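Okay, here's what each chain looks like letter by letter:
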Amino acid sequence: MKRSAFFISDGTGITAEALGQSLLAQFENIAFSKFTRPYIDSVEKARAMVQQINAAAVNDGARPIIFDTVVNQDIRDILAESDGFMIDIFSSFLAPLEQELTSHSSYSVGKSHSINSNSNYMERIDAVNFALDNDDGARTHYYNKADLILVGVSRCGKTPTCLYMALQYGIRAANYPLTEDDMEHLQLPAALKAFKHKLFGLTIDPDRLTAIRNERKPNSRYASFAQCEFEVREVENLFRRENIPHINSTHFSVEEISAKILVEKGVERRLK
């Protein structure tokens, strides 16, 4: 079965997309064609949107699913004339909240993702800059400012995890690679010893690591299964010897890895 899904907003569309994607993921037997449409903030844009929705309905032979966070009632009325099934995220949750809090909401566009109203914005930017500046062991003298330091073999997922935690949670995360040169007599590098309490290890299945490295350096010793298996084994032994908590990243998304790390280390999110 195929269905179209639209995430529509008069702001960035981030909220509509995030909640809509989470809900649709529960229907694994349906193939969704997904369309994010931010800044639908005029009557003209709304009417054009209705044409897109109706065209999708004809192509699919079924009503498209519409997740919307549109505040303007005139625009919502136009969208409601389409041949789609609308799920109004704001009204679904704001109405009961208004009743519980005995207060009316502002019904303002872009409240959760604006610079002016979000005191966490600069915290997020600072964390991303920290992750970039302290990627791949580039600047170990800033580790005293890190919330976390990820360690592991090359290409096991350290960089994307650090960047995700910075962007999503405001966590200042550095990462340090354990390379082939370290393997013969692998010990905890001197730059990390003073910050052992901040360390968290990432490991990965050797066959998956081989596939990833072959995309970067095909048919190299660096990407060979034997080398990958050796490095992973040595690093996992180091983690056990030094009692460094770690996780195998092979079958987890970056979102899952990040959440597991924060729980395991007891690190509080800076963005709340």
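Provided above is the structure to which this section pertains.
Not measured: the values here are computed from a predicted model. (Residues numbered from 1 in each chain as written. Predicted model: local features only at pLDDT ≥ 70, side-chain atom pairs only at ≥ 80, totals over all residues. Heavy atoms only, no water.)

1. A closer look at the nonpolar core
- Ile149, Met165, Ile171, Leu192 and Ile261 are the most contacted members of the largest nonpolar core, which totals 43 residues.
- Listing elements by their share of this core, those giving two or more residues are α5 (121-133), β5 (148-153), α6 (158-169), β6 (173-178), β7 (199-203), α8 (206-216), α9 (225-241) and α10 (254-265).
- The residues touching Met165, leaving out its near neighbours within four places in the chain, are Leu148, Leu150, Gly170, Ile171, Ala173, Ser258, Ile261 and Leu262.
- Ranked by size, the runner-up nonpolar core spans 13 residues in total, among them Ile53, Ala56, Ile66 and Ile75. (Core = buried A, V, L, I, M, F, W, Y, C linked by side-chain atoms within 4.5 Å. Buried < 20%, exposed > 50% of the residue type's maximum accessible area, 1.4 Å probe, protein only. Helix = DSSP H or I, 4+ residues; strand = E, 2+ residues; numbered from the N terminus. Contact = heavy atoms within 4.5 Å.)

2. Digging into the pairing of strand β2 (residues 31-37)
- Across seven bridges, the pairing between strand β1 (residues 2-8) and β2 is parallel. Following the sheet pairing, Ala5 is matched in β2 by Lys34.
- Read as a crossover between parallel neighbours, the route from β1 over helix α1 (residues 14-24) to β2 is right-handed. (Pairing = 2+ DSSP bridges. Right-handed = clockwise from strand over helix to strand, strands pointing away.)

3. Some details on unusual backbone geometry
- Positive phi is not limited to glycine here, since Asn219 has a value of about 60 degrees.
- Mapped onto the elements of the fold, Asn219 is located in the loop between α8 and α9.
- Assessed through its relative accessible area of 78%, Asn219 is described here as exposed.
- The phi angle at Asn243 is positive, at roughly 55 degrees, despite the residue not being glycine.
- Mapped onto the secondary structure, Asn243 falls in the loop between α9 and β8 (246-248).
- Judged by relative accessible area, Asn243 falls into the exposed class, the value being 68%.

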